[in-house]
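The residues making up each chain are set out below.
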Amino acid sequence: MSSNPGQEGAVAHHEHESREHASHEDAGIGRFFFGHVPEGVHGGLKQYGLLAIFLAIITFVEFVIILPEDLRGSSIVIAPLVILSVIKFFCVVAFFMHLKFEHGLLWQIFVAGLVLGLIVAIALVLLFGVFRPTPRAFSEGRQQPFVHHVEEAPHYEPLVVPTPAPLGAIAPAPAAGAAAGASPGQQIFMGAGGCSACHAIEGLAVGALGPDLTHIATVAESRVPGQSAEDYIRESIVEPDAYTVTAADEGIDQDFQQGLMVATTSSLGLTDEDVDELVEYLMTLR
Amino acid sequence: MAHAETAHAPPVEVEEATTTGINHRKLLMWVFLGSDCLFFGSLIATYMVYRGQSIVGPYPADIVDVPITTISTFVLLMSSFSMVMAVAAARSGNQKRLIQWLLVTIVMGCGFIGFQVYEFNAFRVEGLRYETNLFSSSFYTLTGFHGAHVTLGIFWLICITIIAARNPAGRPSGLDVDIAGLYWHFVDIVWIVIFTLLYLIGGFDAGPDAGHAAVQGWNWVTGLVS
Amino acid sequence: MVTITGVIPRPTTYSGLWGWLTTVDHKRIGALYGVTAFFFFMVGGIEAGIMRLQLAQADSDLVSAEWFNAMFTMHGTTMIFLVIMPFGATFFNFLIPLMIGARDVAFPRLNAFSYWTFLFGALLMHVGFIIGQVPDAGWFSYANLTAAPFSVGKGLDIWALSLQVLGVASLAAGFNFVVTIINMRAPGMTLMRMPVFVWMTLVTSILLVLAFPIITVALIELTADRQFGANFFNVAAGGDPILWQHLFWLFGHPEVYILILPAMGIVSEVIPTFSRKPLFGYPVIIFSGIVIAIMSWAVWSHHMFTVGLGPIANSVFTITTMLIAVPTGVKIFNWIGTMWQGSIDLRTPMLMAIGFVALFIVGGLSGVSHAVSPSDFQQQDTYYIVAHIHYVLFGGAIFGIFAGIYYWYPKITGRMYNELLGKIHFWLMFVGMNLTFFPMHYAGLNGMPRRIYTYSEGFGWEGMNLLATAGFFVLVIGTLVFMHNFLRSVKKGEPAGHDPWDAPTLEWSISSPPPVYNFAEVPQVKGQDDYWITKRQAAARGETVPAEPHIDPSTVHLPSPSYWPLVAAFGTVWIAGGLLIDFGWDYIRFPLSFVGGLIAIIGVIGWSNEPPAAEHDDAGHH
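Residues numbered from 1 in each chain as written. Chains lettered and ligands numbered in written order. Predicted model: local features only at pLDDT ≥ 70, side-chain atom pairs only at ≥ 80, totals over all residues. Heavy atoms only, no water.

Looking at the overall build of chain B
Logical step 1: Within chain B, the regular secondary structure consists of seven helices and zero strands.
Logical step 2: Along chain B, helices (α) and strands (β) appear in the sequence α-α-α-α-α-α-α when read from the amino end.
Logical step 3: Restricting the contact set of chain B to residue pairs at least 6 apart, pairs at least 24 apart contribute 79%.
Logical step 4: Split by element, the accessible area of chain B, about 7,300 Å² in all, is 68% carbon and sulfur. (Helix = DSSP H or I, 4+ residues; strand = E, 2+ residues; numbered from the N terminus. Contact = heavy atoms within 4.5 Å. Areas by Shrake-Rupley, 256 points an atom, 1.4 Å probe, with all protein chains shown as cover.)

Below, the structure is given as structure tokens:
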């Protein structure tokens, strides 16, 4: 486009555009790609066609490069692939998008975004490791081989990482997800109820903020005099502050915090049926 | 430059003179494209950060079909060529050629989307749902948003074709087609990056049991070469 | 659809409700932004007040822990996205075309679209108060606290989706102002003759269009996790919550400068005017602004020193963070150098600007103290950080915004505010601000964590918290004084004249309030501080410069009002809002969201098919 609008005036706009086109046929291919191009010359079927063929060839070459199975993923292959795609990228930007012929400001704006996006992406990848698709700490050793034609999506239980236990609670063995045959109560415990975030059950959950529930059914029998185990567990879910477990109860350094569980359970929206299932499940933990 | 001129401008479409000589809408489009680089940059970064971190399959090597995506990449690349021919036709005021090239571009764009729909469906059948693993989430999000960009571009080109077919005085102008073209080419170059990183390089990332890396779609190629 | 929308003529009314709903006039949109931002300033202030009352004494049970969580989340989100950013947009909208000598912004309808999208997004953000599920994971909503099992209910969905909508509004405004400033300057207004505020707007807008796509992606990933079961931040599937922190702060740190650079621009206009001296080191202040913008991309991980990035990353980000203090310090010296030996006129705008400089130095210094990562390990997540952010955003951004409000009040309303009340407001703000936030430094270093809803006696935090709560009420009184002054002076203030401050920039050359067409004749810019040059040349001839005479507005071609930005904005918000509705059936949200998409598409088609002007343009008759 023209960079001298002062002389153009508003009315001359359309003439200006057609004038641009008039000189297409005069531009030699070599001059079009490499030399100085007279203002307004963009190219026609010939130039664009050649460029398209060039891009198609690059794509074909890329495809050929990855054919040898042994080399796939190695840097011998990655380097030329990256270089070729960069060439394609800039050919499209410079010639198809006419950026080579545009006002320098447009270059600056686009390149600013492009370079920044590139730097951000590279920085992020580097902050997480290196450009190698090797599993990092968490995934390493946990990855399972893939068996074809699995229809069901895997169900990930929310994973609770043991927090440094401020209350002196003991974190038991690592979490195992709810088994397929888990009771509804156990599923609520591990899932929607979010109980496992704070409570531990040996071999199942490792939460460390609240009391350990591994033997809750036994413990609950004698915790509040005159209250049955079932009533105590139900009350502890529905109205956690009615009785707050003390340091002496659990043999630890500090009382549990009043109000802590109310704060986390009040928004859960558990139904009465859910609570029944939970109580039923917890009563099995002797 | 002289804004005073526009004081009595008739209500027809007259390009306003600007400080830099660049049309407002064209500048807007380039700023948008610069901004969109960051959008795709972040999505690609997410994919690259999570590359190789999925803990269940399917892993890319189990299902990614590089040969067929090479064809769809080729289709999208060639649609850039037809787009640039449409721009050239619009600039020379050749409405008939403009419509022809636009239709070619639209058909190729639809072809690309068709390949993507086929691919997504094939992946789903193989067991790669959106919620399956990290690979599926980041892959579908990145390529899905790219596909959404292409779809929007097709929609835009269809609108321009309709306007050109009715041909109300001077519309679409060369500039209208040019700006749509910029968007179209940008979507193409984003795919160039995605194709290289997700298919040519990342398409062979295998799970822990790499021995049986799937060869879906590779059968015919290997047959051809050997 | 093309035909249906094509035949609707553009609205012709400029008055009444429809006039405001369909307006594309940058001055009216600026006013709408300002009123909305001030409304949310009060909302955010009330939320702050609830927190301060709760924390005034130990073991208080005024509000519950969940309610407190909701309060600090909404306070942070509101103040950043619904107050400081739109206040910035207020000034961009009202002033940028006036300062560069243009009739309007480059895309008037896009400008209206940004405002309506912003307003609807802001309202959507507050839907939680109606349905009782308020966002409560903090304004940076760290994963995986935001994951579905840990943040039950719709609160976080509301937060993520309405922030997405606000992002659309900000992006649209950002694109608009980049194009406007690059492309619509009056003849002679070269880049290095632009007022500093225009420069800072340009830098802010560029930061905005580059930074918002990143939060867009982060929010897409969060929404996908919550709504569609994706695994981006699902630890069990190998996802990494730290990715959220990186993406959020990659956006979040440029965002900090998006908040503060407009205020710096305002202060750079106010200080020279009331020092009767050109800005000291104009090119330096511009380049330091650009350097800040570039460096703001290299410091984000200083928000994350304690997550365990390792010594190399921590060292790198410590160094870059300390370096970014250099261009900021340069600006401070520029302002002090401007005042040095100037004939300083301590009017309210100047007081606010000096308050900005002073308080921003305090905030900047505490910022440097947690740029050092070992010291940050002590300060992370304590009230020391709360003190720092309020010194830069309240002491900085809000003081800058009030400096701008007082400075341009006569231009916007045509009347003078009451100077005495203005000064009282300043001193109440200044004292109240320090009383509220200075003790927080001590509370923080004494170990008081942020975001706790109550604390026990005996930690030595009671006194500091009581002082802070007292300071809050001083701020409330100050704000009431401001409101009284503002509203009373709109009607009863002295007529201000076109140039009450003898100011250097173009907006003062036209009458107050500016006529709808801004400039009758497009100004020819002669140099930096152009209006000072004009006035000096006239004074040399023994003349004074009157306001530019009015002309018949109907002779000026102005963009006609339009319905479509409103329609498109409504559709855009409905895409997000639809996803929040279930009526007890989970899948209804997809068609509902899709309806929003259709409305937006109809809006855009109508927009692009609209005739360029109304048939009977009655621009002059209002």
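And the narrative resumes.
Focus: empty space enclosed by the protein
Residues and elements named next belong to chain C.
Logical step 1: Tallied over the entire structure, the rule returns nine cavities of 30 Å³ or more.
Logical step 2: Contributing to the lining of the largest cavity are 27 residues, with Met85, Pro86, Gly88, Ala89 and Leu208 lying nearest its centre.
Logical step 3: Secondary structure elements with two or more residues in the lining of the largest cavity: α4 (65-100), α7 (155-183), α8 (196-228), α9 (241-275) and α14 (383-413). (1 Å grid on protein atoms, 1.4 Å probe; cavity = no way out; pocket = protein on both sides within 12 Å on 5 of 7 lines; lining within 4 Å. Points joined across faces, edges and corners; volume = space filled by probe spheres on them.)

Quick look at the interface of chain B and chain A
Interface size is commonly expressed as the accessible area that is lost once the parts come together.
Logical step 1: Each partner contributes to the interface: chain B provides 78 residues, whereas chain A provides 72 residues.
Logical step 2: Across the interface of chain B and chain A, roughly 6,700 Å² is buried in total on both sides, 72% from carbon and sulfur atoms.
Logical step 3: Looking only at chain B, the three residues that lose the most surface to chain A are Trp30, Ile55 and Arg91 of chain B, adding up to 11% of its buried area.
Logical step 4: A salt bridge links Glu102 of chain A to Lys26 of chain B; the shortest N-O distance between them is 2.7 Å.
Logical step 5: In this structure, the connection of chain B to chain A is made through nine residue pairs in polar contact (both at pLDDT 80 or more).
Logical step 6: Put simply, the parts of the chain that give the side of chain B that touches chain A at least two residues each are α1 (24-49), α3 (66-91), α4 (95-126), α6 (174-201) and α7 (218-225) of chain B.
Logical step 7: Of all the elements, α6 of chain B adds the most residues to the side of chain B that touches chain A, at 14 residues. (Buried area = accessible area lost by both parts, 1.4 Å probe. Salt bridge = Lys/Arg side-chain N within 4 Å of Asp/Glu carboxyl O. Polar contact = N/O pair within 3.5 Å; in protein donor to acceptor, adjacent residues only side chain to side chain.)

Re the confidence of the model for chain A
Residues and elements named next belong to chain A.
Logical step 1: The predicted model of chain A has a mean per-residue pLDDT of 72, with 71% of residues at 70 or higher.
Logical step 2: The weakest mean pLDDT in chain A belongs to helix α1 (residues 5-8) at 36; the strongest belongs to helix α6 (residues 104-127) at 91.
Logical step 3: This model gives residues 162-180 a pLDDT under 50, and the stretch forms 32 contacts once residues within four places in sequence are excluded. (pLDDT = per-residue confidence, 0-100.)

Topic: the interface of chain B and chain C
Logical step 1: At the junction of the two partners, chain B supplies 44 residues and chain C supplies 46 residues.
Logical step 2: Both faces considered, chain B and chain C share a buried interface measuring about 3,600 Å² in area, 70% of it formed by carbon and sulfur atoms.
Logical step 3: On inspection of chain B and its partner chain C, the count reaches zero salt bridges.
Logical step 4: Linking chain B with chain C are 14 residue pairs in polar contact (both at pLDDT 80 or more), by the criterion used here.
Logical step 5: The set of elements that each furnish at least two residues to the side of chain B that touches chain C consists of α1 and α5 (134-166) of chain B.
Logical step 6: Ranked by residue count, the leading element in the side of chain B that touches chain C is α1 of chain B, at 14 residues.
Logical step 7: Residue classes in the side of chain B that touches chain C are distributed as 20 nonpolar, 19 polar and five charged. (Nonpolar A, V, L, I, M, F, W, Y, C, P; charged D, E, K, R; others polar.)

Comments concerning the environment of Phe280 of chain C
Residue and element names in this part refer to chain C.
Logical step 1: Of note, Phe280 is situated in the loop between α9 and α10 (282-295).
Logical step 2: We classify Phe280 as partly exposed; its relative accessible area is 48%.
Logical step 3: For the pair Phe280 and Trp340, spaced 60 residues apart in sequence, the C-alpha to C-alpha distance is 9.2 Å.
Logical step 4: Excluding residues that lie within four positions of it along the chain, Phe280 makes contacts with Phe333, Asn334, Gly337 and Thr338. (Buried < 20%, exposed > 50% of the residue type's maximum accessible area, 1.4 Å probe, protein only.)

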